[in-house]
Each structure stands twice: as structure tokens, then as C-alpha cells.
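A look at the structure
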Amino acid sequence: MPFSSSSHSQVVPVMTTAGQPTRLFWRWWRKQSPSQQDRYATLGPLVSVLLFLAAITAAFWYLRNEEIEREQESVKRDTEVVQQQIRLRLIENQEQLLRLARDISMRTVNQDQFMKQAADFVRARPEVISVSWVQANEQIRASQSTMGMLLEPGQGMDLDQFSRQLDVYNPLQDVKESHSAFRLARERSQPVYSQPYTNPLATKVIQVHIPLIDRSGFVGTVVTEYSLEAMMRYLVPREVASRHAMALVRLDGETLTSTVGSHTESSAKPTFVHEVIVTPVGNGLILRGMGFRTSSSLIGSTLFWMVVALSALTVWTLMGTLRHMRRRAQIQKTLVQETNFRRAMENSMLTGMRTIDLEGRITYVNPAFCAMTGFSEDELLGCVPPYPYWPKDRIDEFNRMFQQELLGRSPMGGIEVVMQRRDGSQFDARMYVSPLIDAQGDQTGWMTSITNITEAKRVRDQLTAAHERFTTVLEGLDAAVSVMSVQRGELLFANRSYRLWFGGNPDAHAQLTGGELQPDYEGEADEAVDSFGGLPAQELTAAGSDSREVFLDTVQKWFDVRARYVQWTDGNLAQMLIATDITARKQAEEAAARQAEKSQFTSRLITMGEMASTVAHELNQPLAAISNYCSGMMSRVRSGNIDNEQLISALDKTSRQAQRAGQIIHRIRQFVKRSEPQRQPARVRDITDAVMELAVFEMKRRRVTLNAQIAPRLPTIMADPILIEQVLLNLLKNAAEAIDGAQMPQSRRHIDLRVQQKVLDDQGKVVEFAVLDSGPGMKEEMLARLFEAFHSTKAEGLGIGLSLCRSIIESHHGRIKAENLYNGSMVVGCSFIFTLPIDAVGTEEFQDSLPPPSNDLLADNP
């Protein structure tokens, strides 16, 4: 410094060679007063210390900037490395998927081979969730996921199970991004990546659609689903992830996944960000590299902190010399601030404040009180009872309350009153009164705070009315509603129906839900630990209710029970139950089942009644043969011209005729006997043989030829054999009646029965039964109503045969249909086709032990 300070604030100049600026400075210095020189001399060391700190800070800033630039370059470099890793991996996967798609298009890969190759592909790539073969109609033909789930019907599952699995693992189901990528792949005939989205398993994913092109054109795609989280986990090198955070984001900035947790991302803002487009995905998917600022090694050095500490100590010492000069100004400023604060607080308060002296005269009101009553401060100060804001019709009531107020008997919880504004309108208020004590401890008056509770009272009244309405609705329900505490097993609420059926017993709640809610406590009651404290209450209460049907012996009723978890008013977990009485519905269902069983039995009786004359004719032949054999033997025995061998031969023929008659009667009894419907593993060959034995009588009577084409190695099916025989016999009998009734020529008097195994898109593996006749066919309007109840094509028909056939087939999860057969535009017959699904039992195929029956045995023999 070019000067030094003495105790008397005199400055001794030092000779320098600074030139003209130095001389000007000294000239200005001599003109200053001693007090000003003392002040400047005190500020001199402070300025020096501050300049020193500024130099240290500038050096640190320069080093920090260099460190930031290096960190920025590092983030950029690591981001481009990760981009290259992802790009190479996606291109490698795309090339292998293109080879797989080419093999599928050339039909060198079937479904099983696709599943094997897809499984190897998924197993070797942890970022891949699933690989699916999607047909042109957006139906899944096969799919392989990380769970190894094979989406094929008929492999150990029924149709409903397959449909549910297909809904779960269908990559195109209700996803607009996936549908859009599928359409682009079909239009462009090249691989297309979808935009990122969240799949039904709550995973952020993207899809690549590889088109399948054969000679006929577009036949589908190979859809591969990538998990963005797994892509970041396995494709980002560990050394890169340890240095910087990497994230996949959308164009709008939404973060899809990151190498760091969500808490870290939300709590720390990245200092360095570098973004690149993820290729070959595109579609707005951006790779973001992020770097976070760390403490500089320079700040952590001991020397830096020592310099800062010494400089701070020097500044603190110098600042002490200025405290005395600033004390008076600070005290005055504080007084002004406190006054302004009190005035601002009074003006901003919504609670009205009023002060009265011991005689009841108003001495103070705040702006909130004036705004509440509509009177100005000048109008209220000095007023004595009755005050202008008292309602005119309640002067006596307010006088009594005022006397209680002066005596100090106002309740601590406040008084609810009605006050009147200047314009005559009234409002509800709550008034609190407390004594006003001065600095000497003497009471000088009363302080009253007034709160406008009009809106709060209105809301409270509405809540009370809503609660009453809600309770009335619950009490009026025909269903039992109850709420039970999960922790304590205590019944928290029960409506009228619950109390009427079960009283206040909480055990009925547990019986209806299928279990007992008994909390497990360890130790004494005051030391009990909530065993349900770790339950995810939000997920439990957000879950949907489950439905079940329960029969209670105590009340002899059936209930449809729906239960779900809710958070009770005390914050604890509770279970709400709604039980609806369905006893009448159950009884109606049982009656309908009994009526259906009777209808099936009646239909079989009607069928056999219509065939009675034919059956009688067939029985008459063996019985007549038996009678002839017996008469011949008796004649020859009487004449004595028969030996033992001839007698044995005649008796053997008689026995065979009796067995033939017995078989006919046994088959009729098996068909018409009343029995409970029972699904069991059944051989298709046994069913068709039994039906043809009964149908051959009707065919002979109507001179119709029955041709049977039964495929070999048919699997077993889960079905009721008698009911399926009833359907098949009814269709054959209707076909014979149609041919005979139309008096068709002999060349067109034949019926074909075809049974074979098929694979249908909507049903999977099935056994198909087809009855094709060469009759006149049916009109289209009759085909549309053919399976309706009580609709018949015959004049004397009841209209229940085909309706029962459809009910029986649909109860076996099958389908039945009827259609005309055409030769060009001419109708040449009619076909009835029904299918039955092949159950898991039917996967074991076997060779039929008997060959198909010869057409000669079934042909008409006029």
C-alpha cells in the first residue's frame, strides 16, 4: 500500500515514481478530513484481503473451467462409445432376424424350428424380451419370450386357457406403436422399429418388425421386443457406467430408462449432457450421456482452506471495527422493520381482531374485522354495546353473551354466533375471548378474535347430509355390506342386510371370504407389533375385487361375494365385502339343468320311437330264424333222422341269431337309458361304431346307403359318449328322412359320414364330424334359423332336435354349422359339420384296433 495508518489517523506519504496518477491520489487524500481518512484507512486492509481472495477465486475458476471442459469431452466420448455398442448390437441382431425371416418366407423353417431358433436367439441376448411370428392378419402364429412360453393351442391347454395366454403375450394387442410399426413394415417391405412404449408387463420396450415376403407378397412379420432397461444394463460397459450416467429418452425429454436409479436422477441435476440419436432405431429414441459435478481436488486441499480461513479471520477482525458505527443504524432499522411487520401481519390476517376496555368500549380493530363486518375503523372505535354488527333481532342474546364475556366466563372452545354486516347480510362466526394484560400484569381489557365459519359450516352440513344419504343407501341395499379390520379382526361396519342375516358376528365375514382374519401378535398388547405394517397398502387398495360364490349352512343361502382391500378412516388396512343373495338364481340354474337333462332323454326316446318300426323289423328277422331252426330240429328229432353234429350246427345257428337280437336290444337300451351327463375320455371309433349300428336300421328302411370315412389314429376326446352319439344319430336320421321325403333317385340316395382330425385357427386341434347328404338342400332363410328352439323344417316336427344338438356341442366347447352343397349354382345336398376340441388326454394317439366298417355292410339291401 502507498500509505500507512497511525493511531491518530495521519498518513505518511511514501515517495514513489508512479507518475501523475500517484500525485493526483495524494492531492485527493490531503483534502479529506481526519475522520474520513480514518475510515478509508480502516477499509484499506479489508480491500487488500478481498483482492487477495478475488485472485485465489479467479485461479480456482480457471482450473475448474479446464476440469469442466475435460469432463464434457469425457461425457461426449463415453456417449458415443455406448451409441456405437448399441448400434452394433442392434445391427447384428437385425441381420440374424433377417436370415430367420428369409428362411420363414422360403418355408424352410416350420413352427417348431422357429421356436427353437427363437429360443436360442432370446437366450443369447438378455436385452430381448420376445420374438414372435406374426401373420399378415396380425395373428400370432408362434412366440418365444424370456419365460420360454410357447403360444400354441392344444398343447396341454383348452381353448379358454390358450385365449387368455394369447391375450397376455400378444405383442400387437392394444398397442398403437406396435400396430403402426407393423403397417410401416408391410408398406415399406423393410425392417421398421417402433416408437418406445410401455408393454402390459409395465416394461419400457421397443419393437423391430422384420417383414416376411414370399412370392405372393407380404405374409407377416418377425416381431422382436427389446427391453430398454436390459439394453442399458447389458450394453453399457461397466467402466462407462461407473464414470457417467446413461439414459434413453424421448424427443420430448421423457426419460425411459437410465443406468442410475430414479432417486438419483430426481435429486441431482446433471452438469454435463450430451445427446445422440440411437441408430438404427430412430423414431425419437435418444441416448443421453450425463455427468455430475464432483468436488474439486483444489477445494479439498489444506492450503486452500488455510488461506480462506485466515482471510475470513482477517475480514471478521476488520468488520469488528465497523460494528460500533453501524449499531445505531441497525437498531433504528430493526425498529422500523418490526413496526412494518406488525402492520403487514395485521393487514394480512383473515381473523378479525377486536379489543375492548373494561367498560366495553372498542379500542382497536384490525382491517380483517372491518372487512368482515363492512364497517370502517373510525365507525367502530369508541363504540359501546349494542354494537352496530349485532343483529337487531338478537340484541338480548348478544347482551347476555357480552355480560358473560366481561365476567370472564366465555368458554375456551369459543362461541358460535351470527353477525350482521353493514349491508344487512348475516354470516356465521366463531368468537374466542381472552384477557388483555399490560406490562405490569394488570388486565386492561379483553381481546376477541373472530373467524368467519360460514363456508366451513356449509361444507360440514353438506358432508353430514352426504354421510346420511350414503348410510341410507347402504342400509337399503338387499346385499350384505361389511368392513373388517385386517389387523384386529374387528367388524368396523355392517349394513342392515348383514345384521339381519348374520347379526353382529364377524365370523360370517371370514366365512364369506373363505378365511379368518386373525392378527398374529407377539408379546403383550402394549408391545404388539403390527404384522401388516409392511403390506403395500396402495397396491392392495388399487387392486380389483375378486368374485366368488359361497353357500352358508347357517342361513341356507347362496351368496355372490365380492371383496377388496380399502384404507379405513384411521389409515389402517381393512377388507370390504359385498355379499348378494343368489339363492333364487342358483335354484333356477339347477332347475334349468334338470330340464335340459330331461329334454335330452326325451329326444332320445323320440328318436327311438320314430325308429321303432325299423327296429321291430330288424328284431323280427333273428326271431323268425330262431323259430324256423327250432321247428326244423323238433321235426327231425321226432323222425329220428338227425345226428349230433347236425343238431350242434343247428343249435349254433340258433345261438348266433339270439346273440344278434340281444346286441340290437342292448344297443337300444344303452342309447335311451337315463343317466347323468358325464365327460370322460372317449374313443371316436367307439362312438361312430355305436351310431352306425343303430343308424343302419333306418338306412335300410329308407333305402339309403351310408358311407363312412373314419380317419385312422384319431385321438381320444373328453366328451359324454351317449350325448355325442345322440347328436350324430339325429343328424344321420334327418339326412335319411330328407332324402326319402324328397323321393330322390337311387343314384342320389346316399349319405357320407366323415370323421377326421383338423387344426383350426380359432379352435386349435379338433376332431371334425361331417354328415353330407345328397338330398334337396334347404333354403337360406331356413339355414339361418335352423338351430333355434321350436323351429322345425318338418310339418310334424317339434323343433327341439337340432337345438339340443347345438346345446350339446357347445357344452363340449365345440362348434356346429349347416350349409348347402353346390355343384355350380345348383344345390346337390346339405352338410352338417360339428367339431370337438382335443383335450390334453387326446395327445396320446393310437391306431384303431378295428378297421373301418365296410360300405357293403351299411349299404341298402332292398
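For the structure given in this document, a descriptive report is provided here. (Residues numbered from 1 in each chain as written. Predicted model: local features only at pLDDT ≥ 70, side-chain atom pairs only at ≥ 80, totals over all residues. Heavy atoms only, no water.)

Section: a nonpolar patch on the surface
On the surface, a nonpolar cluster with roughly 370 Å² of combined accessible area is contributed by Trp61, Tyr62 and Leu63. Here Tyr62 lies in helix α2 (residues 34–105). Given the relative accessible area of 49%, Tyr62 is considered partly exposed. (Patch = residues over 30% accessible without salt bridge, like charges linked within 9 Å, V, L, I, M, F, W, Y side chains within 5 Å. Areas by Shrake-Rupley, 256 points an atom, 1.4 Å probe, with all protein chains shown as cover. Salt bridge = Lys/Arg side-chain N within 4 Å of Asp/Glu carboxyl O. Helix = DSSP H or I, 4+ residues; strand = E, 2+ residues; numbered from the N terminus. Buried < 20%, exposed > 50% of the residue type's maximum accessible area, 1.4 Å probe, protein only.)

Points about the packing of aromatic side chains
The full count for this structure, using the stated rule, is 14 aromatic pairs. Judged by centre distance (4.8 Å) and plane angle (10°), the rings of Phe769 and Phe834 are stacked. One end of the pair, Phe769, is in strand β25 (residues 764–773); the other, Phe834, is in strand β27 (residues 826–837), with 65 residues separating them in the sequence. Residue Phe834 is classed as buried on the basis of its relative accessible area, which comes to 0%. Put simply, the rings of Phe369, Tyr387, Tyr389, Trp390, Phe398 and Phe402 touch in pairs and so form one group of aromatic residues. Between the NZ or CZ atom of Arg141 and the centre of the ring of Trp133, over which it lies, the distance is 4.5 Å. Over the aromatic face of Trp558 sits the side chain of Lys586, whose NZ or CZ is 4.6 Å from the ring centroid. (Phe/Tyr/Trp six-rings, centres within 6.5 Å; stacked < 30°, edge-to-face > 60°. Lys NZ or Arg CZ within 6 Å of the ring centre and 35° of its normal.)

With respect to the side chain of Asn199
By the element assignment, Asn199 lies in the loop between β4 (197–198) and β5 (204–214). By relative accessible area, Asn199 is classed as buried at 7%. At 2.8 Å, the side chain of Asn199 forms a polar contact with the backbone nitrogen of Thr203. Not counting chain neighbours up to four residues away, the residues in contact with Asn199 comprise Ile129, Val205 and Glu225. (Polar contact = N/O pair within 3.5 Å; in protein donor to acceptor, adjacent residues only side chain to side chain. Contact = heavy atoms within 4.5 Å.)

Some details on the sheet that holds strand β10 (residues 286–291)
The strand order β8-β7-β10-β9 describes an open sheet built from four strands, whose pairing is antiparallel. A single partner strand is all that each edge strand has here, and the edge strands are β8 (255–258) and β9 (272–277). Mean inter-strand twist for the sheet, computed between neighbouring axes without regard to direction, equals 25°. Summarising the sheet, strand β7 (residues 245–249) and β10 pair through five bridges and their orientation is antiparallel. If you follow Leu248 over to β10, its bridge partner there is Leu287. Sitting on the sheet, helix α6 (residues 228–235) touches β7, β8 and β10, and the angle it makes with β7 is about 150°. (Pairing = 2+ DSSP bridges. Axes fitted to C-alpha atoms, helices over the stretch in contact; angles between N-to-C directions.)

Regarding the pairing of β10
Extensive coverage of β10 is indicated by the burial of six of its six residues. The alternating pattern of β10 places Ile286, Arg288 and Met290 and Leu287, Gly289 and Gly291 on opposite faces, both of which are buried. Pairing analysis gives six bridges linking β9 to β10, with the strands arranged antiparallel. Within β10, the position partnered with Ile277 by the bridge is Ile286.

Observations regarding the side chain of Arg354
Turning to its location among the elements, Arg354 is positioned in strand β11 (residues 352–357). Within the structure, Arg354 has its side chain in polar contact with the side chain of Tyr389 (distance 2.7 Å). Residues within four places of Arg354 in sequence aside, it is in contact with Ile362, Tyr364, Val365, Phe369, Tyr387, Tyr389, Glu405, Trp446, Met447 and Thr448.

Remarks on the sheet that holds strand β22 (residues 705–710)
Spatially, β22-β24-β25-β27-β26 is the arrangement adopted by the five strands of the open sheet, whose pairing is mixed. Strands at the two margins of the open sheet, each flanked by one partner only, are β22 and β26 (815–823). When the angles between neighbouring strand axes are averaged without regard to direction, this sheet yields 20°. Packing of helix α20 (residues 684–701) onto the sheet brings it into contact with β22, β24 (750–760) and β25, and relative to β22 it is tilted by some 175°.

Treat this as a map of the structure, not an account of what it does.
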